[in-house]
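Coordinates in review
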Amino acid sequence: MMYLNIAGVPVKVAAWNEEIRKFFLPYSAEGLEAETEAEAEASPGMKTGVEAESSSGMKTGSEAESSPINISGTTSEELLRDLSNQMAGRNVFLIHGSALSLDGRGYLFTAPSGTGKSTHSRLWREVFGDRVVMINDDKPFLRMGMGTDERSEELETQIQEPGESKPQLKRPGELQLQLKRPGEAERTHGKVYVCGSPWNGKHGLGSNIKAPLSGIAVLKQAKENRIERLSPQDAFRFLYTQIYLPKESERAQKVLDFMALLLVQVPVWMLYCRPDHDAVRVAAEAMCGKLG
Amino acid sequence: MKLKRGMLTRMIGDTQMMVAADPDVFSGIVRSNETAAFLVERLKEETTEEQLTDALCAEYDVERTVAAADVAAFLEKLRKIRVLEE
């Protein structure tokens, strides 16, 4: 059994080959594996009993939330379909797009395939350098809040702890970082997060990190760079075609309910753009505020 | 008559979005204003054109002939996109 943690959700993969193992490696959850193996050792010869025991040992009330999702498939595509369907049941949603973090805040670029999402993200990396961290170049997950999951703190902790090094000189007009104290469970509550996933596009750009989502841009190729804010209704129309919708009605309804909350909280923009640095300036000025 | 099984709705601000999770049922988005959304809600249970008109008249200050015409026109639109079971 391979144990993973994807977007804060424990995931079990029953069967895999070397290729799949490497694919999931950055998302492996060592702690969970060790814990469950110890349980298995504690009750030898009771193979069928182990499963029941480990699940009944979960804290009451949150069992459905904390018990691992079992996924199966022979290719990463099959595993993705299985996972996305089950994740929707946990209120964690796959979306087609390129997501990055700038100064610890998450931004998502979405559009039909071939529009230039990855190109636009690359342009952000060129303009902002190492202030940009790629979250996922193709299929990140979105979710409301991160609960008390510790992995969600990684990105912010990394930013807010200067350690021994000198604090960075703030350039005029540079964004103020929102610093928050770690360990407060409620501080992620009710905020939309964008999370990395192993499905990170043909260039393999992304990492196992999360960031609070500060803006979404729907990209459209154009001769002039221009950005406009979309109404929640128009935003729904564009995002609906890019978010993964399970065929099962109850799970699909969760997607719609999430979108209603997302559209209240996160500004969605239509970015008419060329593949150049000026497009980044136009986008970032609107999406992130003035950036020196 | 009734909405097809698998049709889902969600209010986004003052607009109701109606979609189907299964594209074989319906692929697209129906955007309804408050009045149309009122009718869509009633179409989630088995109903008739007559009952819809009654409900509209009870809810809104509207003449019955006007309400009946509105209901008929709205149902026609829903029939055209094949989201009704009759």
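Residues numbered from 1 in each chain as written. Chains lettered and ligands numbered in written order. Predicted model: local features only at pLDDT ≥ 70, side-chain atom pairs only at ≥ 80, totals over all residues. Heavy atoms only, no water.

A few words on the confidence of the model for chain B. As a note on interpretation, predicted positions should not be read in detail where pLDDT is low. Chain-level pLDDT for chain B is 96 on average; 100% of the residues reach the 70-or-more range. Two summary scores accompany this predicted model of the complex, namely pTM at 0.80 and ipTM at 0.93. (pLDDT = per-residue confidence, 0-100.)

The next point concerns the packing of aromatic side chains. All names here are of chain A. Considering all chains together, one arrives at 9 aromatic pairs over all chains under this definition. With a centroid separation of 5.7 Å and an interplanar angle of 40°, the aromatic rings of Tyr107 and Trp124 are classed as tilted. You can see Tyr107 sitting in strand β6 (residues 105-110) and its partner Trp124 sitting in helix α6 (residues 117-128), a full 17 residues away along the chain. Ring centres 5.6 Å apart and planes at 55° place the aromatic pair Trp124 and Phe128 in the tilted group. In this pair, Trp124 and Phe128 are both assigned in helix α6, 4 residues apart and thus about one turn of the helix distant. (Phe/Tyr/Trp six-rings, centres within 6.5 Å; stacked < 30°, edge-to-face > 60°. Helix = DSSP H or I, 4+ residues; strand = E, 2+ residues; numbered from the N terminus.)

It is worth spelling out the environment of A:Gln233 at this point. Secondary-structure assignment places A:Gln233 in helix α8 (residues 232-240). A sequence separation of 30 residues divides A:Gln233 from A:Leu263, and the C-alpha atoms of the two residues are 8.5 Å apart. Discounting chain neighbours no more than four positions away, the residues touching A:Gln233 are B:Ile12, B:Gly13, B:Asp14, B:Thr15, B:Met17 and B:Arg31. At 2.8 Å, the side chain of A:Gln233 and the backbone oxygen of B:Ile12 are in polar contact. (Contact = heavy atoms within 4.5 Å. Polar contact = N/O pair within 3.5 Å; in protein donor to acceptor, adjacent residues only side chain to side chain.)

A separate point is the side chain of B:Thr47. Residue and element names in this part refer to chain B. Looking at the secondary structure, you find Thr47 in the loop between α1 (34-42) and α2 (49-59). Exposure remark for Thr47: the relative accessible area of 7% places this residue in the buried category. Within the local environment of Thr47, its side chain forms a polar contact with the side chain of Gln51, the two groups lying 3.0 Å apart. Every residue in contact with Thr47, bar those within four places of it in the chain, is listed here: Met1, Arg42 and Leu52. (Buried < 20%, exposed > 50% of the residue type's maximum accessible area, 1.4 Å probe, protein only.)

Residue and element names in this part refer to chain B. Throughout the structure, instances matching the rule amount to 19 salt bridges over all chains. Arg79 serves as the salt-bridge partner of Glu76, at 3.6 Å between the closest nitrogen and oxygen. With a gap of 3 residues between them, Glu76 and Arg79 both fall in helix α3 (residues 64-80), about one helical turn apart. Classification of Arg79 as partly exposed rests on a relative accessible area of 29%. A salt bridge links Arg79 to Glu86; the nearest nitrogen and oxygen atoms lie 2.7 Å apart. The class for Glu86 is exposed, based on a relative accessible area of 64%. (Salt bridge = Lys/Arg side-chain N within 4 Å of Asp/Glu carboxyl O.)

Here the focus is the confidence of the model for chain A. Residue and element names in this part refer to chain A. With 72% of its residues at a pLDDT of 70 or more, chain A shows a mean pLDDT of 81. Contacts of residues 34-63 to residues separated by more than four positions or lying in other chains number 11 contacts, the stretch itself having pLDDT below 50. Across residues 148-186, confidence stays below pLDDT 50; counting only partners more than four residues off in sequence or on other chains, it has 50 contacts.

On the side of chain A, 16 residues touch chain B, which itself brings 18 residues to the contact. With both chains or domains summed, chain B and chain A bury close to 1,300 Å², and 66% of this area falls on carbon and sulfur atoms. At the boundary of chain B with chain A, the tally comes to 3 salt bridges. The partner of B:Arg31 in a salt bridge is A:Asp234, with the nearest N and O atoms 3.1 Å apart. If you look at where chain B meets chain A, you find 5 residue pairs in polar contact (both at pLDDT 80 or more). Looking at the side of chain B that touches chain A, the elements with two or more residues in it are β2 (7-12) and β3 (15-20) of chain B. Among the residues forming the side of chain B that touches chain A, the class breakdown is 9 nonpolar, 5 polar and 4 charged. (Buried area = accessible area lost by both parts, 1.4 Å probe. Nonpolar A, V, L, I, M, F, W, Y, C, P; charged D, E, K, R; others polar.)

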